[in-house]
Amino acid sequence: MAETDNLVEMRGIVKRFPGVLANDQVDFELRRGEIHALLGENGAGKSTLMSVLAGLYKPEAGTIVVRGEPVSFNSPRDAIALGLGMIHQHFTLIDSHTVTENILLGLDDPRFLMRLSRYDKRMAEMGERFGLQITPQAKIWQLSVGEQQRVEILKMLYRGVQVLIMDEPTSVLAPQEIEELFKTLRSMVDQGKSIVFISHKLHEAISIADRISVLR
């Protein structure tokens, strides 16, 4: 395999918490345009490893290489700037705000929420492009859990991420919503995105992933 096939490489990652060695010299790689399932039991360190990649944690040891360049992240914002974003099990949406407002929240542009209708149109178009049906003007409290997950995905896509890390994304979904999510993930890969799918469910990993890594 050519070196350039790897979009992301993690080598010898060590992450400790008080009394716990969460990741012990872990290697991981993600190729361009693939869904890579990261499997393991609860407590195996899957979410911790990917939180390191997403800039949430700093590792005690190891290197991260993105597009052939060694990188270091001080925050998730740094990771997003390099095209890496993570969607956690627990969503970070504001219930009283609309879909569009939640997607724009925290961005430098627009500075003030003006002419929202223009952004509503943009969000609807992006949702359509990736097979994420949303109502931009809907308030978050009006949405099902599956719809809220779509908003989280769109938040990352709007920020231009090329690598989407999804932490146990099916744990909150009904069977039909899981099917919809899998269609969305395939559509994203068809459009050049790469996905890390964190799970402890082997049958899901087999049905969606191009490759599987198991963390013991």
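For the structure, check the block above.
Residues numbered from 1 in each chain as written. Predicted model: local features only at pLDDT ≥ 70, side-chain atom pairs only at ≥ 80, totals over all residues. Heavy atoms only, no water.

**Examining the pattern of salt bridges**
Once their charged atoms are close, side chains differing in charge can pair, the charge on each being opposite to the other.
Line of reasoning, step 1. Taken as a whole, this structure holds nine salt bridges when the rule is applied.
Line of reasoning, step 2. Between Arg211 and Glu29 there is a salt bridge; the shortest N-O distance is 3.8 Å. Of the two residues, Arg211 is situated in strand S9 (residues 211-214) and Glu29 in strand S2 (residues 20-31); the sequence distance between them amounts to 182 residues. The same class applies to Arg211 as to Glu29, namely buried. (Salt bridge = Lys/Arg side-chain N within 4 Å of Asp/Glu carboxyl O. Helix = DSSP H or I, 4+ residues; strand = E, 2+ residues; numbered from the N terminus. Buried < 20%, exposed > 50% of the residue type's maximum accessible area, 1.4 Å probe, protein only.)

**Considering the packing of helix H4 (residues 116-129) against helix H5 (residues 145-158)**
Line of reasoning, step 1. It is at 11 Å that the axes of H4 and H5 come closest, and there the two elements cross at 100 degrees. As far as their axial angle goes, H5 and H4 are roughly perpendicular. Each of Tyr119, Arg122, Met123, Met126 and Gly127 in H4 lies in contact with H5, whose residues at this interface are Leu154, Leu157 and Tyr158.
Line of reasoning, step 2. Here the residues of the contact of H4 with H5 are counted per class, giving six nonpolar, one polar and one charged. (Axes fitted to C-alpha atoms, helices over the stretch in contact; angles between N-to-C directions. Parallel < 35°, antiparallel > 145°, perpendicular 65-115°, else oblique. Contact = heavy atoms within 4.5 Å. Nonpolar A, V, L, I, M, F, W, Y, C, P; charged D, E, K, R; others polar.)

**Quick look at the packing of aromatic side chains**
Line of reasoning, step 1. Summed over all chains, the structure comprises two aromatic pairs.
Line of reasoning, step 2. Measuring from centroid to centroid gives 5.2 Å for Phe17 and Tyr57, while their planes differ by 75 degrees, and the two rings are edge-to-face. Here Phe17 is found in strand S1 (residues 6-17), whereas its partner Tyr57 is found in the loop between helix H1 (46-53) and strand S4 (61-66), with 40 residues between them in sequence.
Line of reasoning, step 3. For the ring pair Phe182 and Phe197, a centre distance of 5.8 Å and an interplane angle of 70 degrees mean the geometry is edge-to-face. Of this pair, Phe182 sits in helix H6 (residues 175-190) while Phe197 sits in strand S8 (residues 194-199), and the two are 15 residues apart along the sequence. Of the two residues, Phe182 and Phe197, both sit in the buried class. (Phe/Tyr/Trp six-rings, centres within 6.5 Å; stacked < 30°, edge-to-face > 60°.)

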